[in-house]
Amino acid sequence: MPQISQLLEVYGGQFFWLLIVIGIIYFGIARNMVPKISKTVDDRQKRITDDLAAAQGAQDRAEQIETNYRTSINDARADAVGNVNEAKAKAALKNEAAIKRADAAIAKKADEADAELKAAKTAALKEIEAVAAEAAQAIVATVSGAKVSAADAKKAVKAAF
Amino acid sequence: MAEPGKIDPMHQFEVQPIFDGFTLFGQQISFTNSALWMLIVLGLLYVFMMGGMKRELVPGRWQIMVEGVVGFVDNIIATSIGPNGKKYTPWVFTLFMFILFSNLLGMMPFGIIPGIHPFTVTSQFTVTGLLAAISFSIVLIVGFWKHKFHFFSLFIPHGTPVVMIPLIFMVELLSFLVRPFSLALRLFVAMIAGHILIKVFANFVIQAIDAGGASWLVALLSIVFIAFVSALELLVCAIQAYVFALLTSLYINDAENLH
């Protein structure tokens, strides 16, 4: 086995070259390059975590905005319904008042007209009575020649009516 | 050395100098095929890691692979040591990647190109031994640095009867001291076993074809077997790298957190 038969001749050279190679790997690669590579991996991991957190934050914010929007829409809708109802009630009250006023005015006018009508009727009746009394006087005078006083004629006419 | 027409399954593990270097502490430091393949592993690992350094927010396939490996090692540390283990990540990463790339590179069929002899760095006991020794040193240094002599309480499990303490202590100490050897041998043996198996069956193929006649059936069977063993070995490459990194982090956990 050459590893054993050569051992005493070659161990110096083997150790020498191995220590050089191992030293270069240790100080040049393992202590110098590996931390940079590890850092790249860590940075990437951190970046991914940060990005995920940012995305989560953005989503939360979006959800918050949507909730706010929903509530404001609902509020506005409730407000609008309230306003409409209020306006309706107001309008109804106004209408009622106007109708009442109009009713009152109409009733007043009707009463006046009624009174006028009654007055006219009375006046007309009085006139008719007078005319009828005169006519009755004249008729009586013509037919019987008897003179009837105006007062009697009036009485008679009144009784006849 | 291999005789003509015959494959020596151990030849692939031989360290051969490419050019002579210098002498250090009485040892000849030559640039060997082993050193060459270590540098190739280093180069490949560097290229692989550079693909992950684009640091784009949306990663490409290559970047995902690199980030996956880094995350895998981070995960081993996090589950076996916990939050205190971050400072050991570079060493466990170095172990895992060096072993993984060496294992896989040794399994690549570069041998079909004439003149290129693939060499599995982790099939050398010197290499796995040094890696295990460094891991074990980290455990010892951290353990005694953080807990002083309390570290010895690692060898006395909770609820041990007082009478049993000396015996249990010796057993636990022994199993603790065996750790670096088991760590090194596990990887080393797993690597050479598969490579030897493949070479032995490749030898069968050649001998069967040389023999002629109906023995082509043996050759065919051997090729199918080589394919299966190669697939299994690819799995073993990844598992052994993982096991080495995992056990190292578990041992460090003992020293860092002490029960």
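For the structure, check the block above.
Here is a short report on the structure shown in this document. On a predicted model such as this, the values are computed, not experimentally measured, just so you know. (Residues numbered from 1 in each chain as written. Chains lettered and ligands numbered in written order. Predicted model: local features only at pLDDT ≥ 70, side-chain atom pairs only at ≥ 80, totals over all residues. Heavy atoms only, no water.)

## Examining helix H3 (residues 33-144) of chain A
Each α-helix turn comprises 3.6 residues. Residues three or four places apart therefore point the same way. Under the convention used in this document: Secondary structure elements follow DSSP: runs of H or I no shorter than four residues count as helices, runs of E no shorter than two count as strands, and numbering proceeds from the N terminus. To estimate the expected span of a helix, subtract one from its residue number and multiply by 1.5 Å. For every residue, the accessible area (1.4 Å probe, protein chains only) is compared with the maximum for its type, and the residue is labelled buried under 20%, exposed over 50%, or partly exposed between those bounds. Residue contacts follow a heavy-atom distance rule, with two residues in contact if any of their heavy atoms lie within 4.5 Å.
Here H3(A) is 112 residues long and its end C-alpha atoms lie 161 Å apart, about the 166 Å a rise of 1.5 Å per residue gives. Among the residues of H3(A), those classed as buried are A:Met33, A:Val34, A:Ile37, A:Ser38, A:Thr40, A:Arg44 and A:Ala133. Elements in contact with the buried residues of H3(A): helix H2 (7-30) and helix H4 (150-160) of chain A together with helix H1 (33-50), helix H2 (61-80) and helix H3 (89-107) of chain B. Backbone geometry just after H3(A) places A:Gly145 at a positive phi near 75°.

## As for the side chain of B:His195
Residues and elements named next belong to chain B. Positionally, His 195 belongs in helix H5 (residues 165-211). The buried category is assigned to His 195, whose relative accessible area is 6%. Not counting residues up to four positions away in its chain, the partners in contact with His 195 are Gln 12, Phe 13, Gly 106, Met 107 and Thr 120.

## As for the interface of chain A and chain B
Accessible area lost during the coming together of the parts is what is often quoted as the interface size. The criterion, for reference: The term buried area means the drop in 1.4 Å probe accessible area that two parts suffer when joined, counted for both and summed. Salt bridge, as used here, is a side-chain nitrogen of Lys or Arg placed within 4 Å of a carboxyl oxygen of Asp or Glu. Polar contacts here mean pairs of N or O atoms no more than 3.5 Å apart (in protein, one a potential hydrogen donor and the other a potential acceptor; neighbouring residues in sequence count only if both atoms are side-chain atoms). Residues were grouped as follows: Ala, Val, Leu, Ile, Met, Phe, Trp, Tyr, Cys and Pro as nonpolar; Asp, Glu, Lys and Arg as charged; and all remaining residues, including Gly, as polar.
With 35 residues of chain A at the contact, the number on the chain B side is 47 residues. Across the chain A to chain B interface the summed buried area is about 3,800 Å²; carbon plus sulfur atoms make up 76%. Inspection of the chain A/chain B interface yields one salt bridge. In this structure, A:Arg44 and B:Glu67 form a salt bridge, with 2.9 Å as the shortest nitrogen-oxygen distance. At the junction of chain A with chain B, the criterion picks out five residue pairs in polar contact (both at pLDDT 80 or more). Elements with a contribution of two residues or more to the side of chain A that touches chain B: helix H1 (2-5), H2 and H3 of chain A. Broken down by element, the residue count for the side of chain A that touches chain B peaks at 20 residues, all from H2(A). A breakdown of the residues in the side of chain A that touches chain B according to their chemical character gives 22 nonpolar, seven polar and six charged.

## Thoughts on the packing of H3(B) against helix H6 (residues 216-257) of chain B
All names here are of chain B. Rule in force here: Angles here are taken between N-to-C directions and fall from 0 to 180 degrees, while the axes themselves are lines fitted to C-alpha atoms, restricted in helices to the stretch in contact. Oblique is the label for any angle not under 35 degrees, not over 145, and not in the 65 to 115 range, which are roughly parallel, roughly antiparallel and roughly perpendicular in turn. In a left-handed crossing the near helix is turned counterclockwise from the far helix by less than a right angle, and in a right-handed crossing that turn is clockwise.
At a minimum axis separation of 9 Å, H3 and H6 run at an interaxial angle of 165°. Between H3 and H6, the crossing angle belongs to the class labelled roughly antiparallel. Crossing hand, H3 versus H6: right-handed. For the pair H3 and H6, contact is made by Trp 91, Val 92, Leu 95, Phe 96, Ile 99, Leu 100, Asn 103, Leu 104 and Met 107 and by Ser 230, Glu 233, Leu 234, Cys 237, Ala 238, Gln 240, Ala 241, Tyr 242, Phe 244, Ala 245, Thr 248 and Ser 249, respectively.

## Quick notes on the pattern of salt bridges
Within the structure shown, the criterion is met by eight salt bridges over all chains. In this structure, A:Arg70 engages A:Glu66 in a salt bridge whose closest nitrogen and oxygen atoms are separated by 3.2 Å. With a gap of four residues between them, A:Arg70 and A:Glu66 both fall in helix H3, about one helical turn apart. One salt bridge in this structure joins B:Lys87 and B:Glu256, with 3.6 Å as the shortest N-O distance. In this pair, B:Lys87 sits in the loop between H2 and H3 while B:Glu256 sits in helix H6, placing the two residues 169 residues apart along the sequence. Residue class for B:Glu256 comes out buried when judged on its relative accessible area of 3%. Within this structure, B:Lys87, B:Lys146 and B:Glu256 form a network of salt bridges that share partners.

## Observations concerning the pairing of strand E2 (residues 27-32) of chain B
All names here are of chain B. Put simply, the rule reads: Only strands that DSSP links by at least two bridges are regarded as paired with each other.
Counting buried residues along E2, five of its six residues qualify, which places the element largely inside the surrounding structure. Relative to E2, strand E1 (residues 17-24) runs antiparallel, the two sharing five bridges. Within the sheet, the bridge partner assigned to Phe 22 lies in E2 and is Ile 29.

## Re the side chain of B:Gln63
Following the sequence through the fold, B:Gln63 ends up in helix H2. Among all residues touching B:Gln63, those that are not within four sequence positions of it are A:Thr40, A:Arg44, B:Gly51, B:Gly52, B:Lys54, B:Arg55 and B:Glu56.

## Observations regarding a nonpolar patch on the surface
All names here are of chain B. This is how it is decided: In this analysis, a patch consists of residues with relative accessible area above 30% that form no salt bridge, clustered at 9 Å for like charges and at 5 Å for the nonpolar side chains Val, Leu, Ile, Met, Phe, Trp and Tyr. We get accessible surface area from the Shrake-Rupley algorithm with a probe of 1.4 Å; when it comes to residues, only the shown protein chains can shield them.
Taken together, the side chains of Tyr 46, Val 47, Met 50, Trp 62 and Met 65 present a nonpolar region at the surface, about 500 Å² in accessible area. Mapped by element, the contributors of at least two residues to the nonpolar patch are H1 and H2. Looking at the nonpolar patch, the element that brings in the most residues is H1, giving three residues. Mapped onto the secondary structure, Met 50 falls in helix H1. The exposure class assigned to Met 50 is partly exposed, which follows from its relative accessible area of 37%.

## Brief notes about the packing of aromatic side chains
Residue and element names in this part refer to chain B. This is how the line gets drawn: Centres within 6.5 Å make a pair out of two Phe, Tyr or Trp rings, where for Trp the six-membered ring is used; the pair is then stacked when the planes are under 30 degrees apart, edge-to-face when over 60, and tilted otherwise.
Summed over all chains, the structure comprises 16 aromatic pairs over all chains. On the basis of an interplanar angle of 45° and a centroid distance of 6.3 Å, the ring pair of Phe 152 and Phe 169 is categorised as tilted. A residue pair is termed long-range when its members are at least 10 positions apart, and Phe 152 in the loop between helix H4 (125-147) and H5 and Phe 169 in helix H5 qualify at 17 residues. For Phe 169, a relative accessible area of 21% puts it in the partly exposed group.

## Comments concerning H1(B)
When the terminal C-alpha atoms of H1(B) are compared, their 25 Å separation across 18 residues agrees well with the 26 Å that a helix rising 1.5 Å per residue should span. The set of residues buried in H1(B) consists of B:Asn33, B:Ser34, B:Ala35, B:Trp37, B:Met38, B:Val41, B:Leu42, B:Leu45, B:Phe48 and B:Met49.

## Considering the environment of A:Ile128
Inspection of the secondary structure puts A:Ile128 in helix H3. Remark: the alpha-carbon pair of A:Ile128 and A:Val157, spanning 29 residues in sequence, is separated by 9.7 Å.

## Considerations on the packing of H2(B) against H3(B)
Residues and elements named next belong to chain B. Between H2 and H3, the shortest axis-to-axis distance is 10 Å and the interhelical angle comes to 125°. Our classification of the angle between H2 and H3 gives oblique. Considering how the two elements wind past one another, H2 and H3 form a crossing that is right-handed. Residues Val 69, Val 70, Phe 72, Val 73, Asp 74 and Ile 77 of H2 form the contact with H3, whose own contacting residues are Thr 89, Val 92, Phe 93, Phe 96 and Met 97. Considered class by class, the residues forming the contact of H2 with H3 number nine nonpolar, one polar and one charged.

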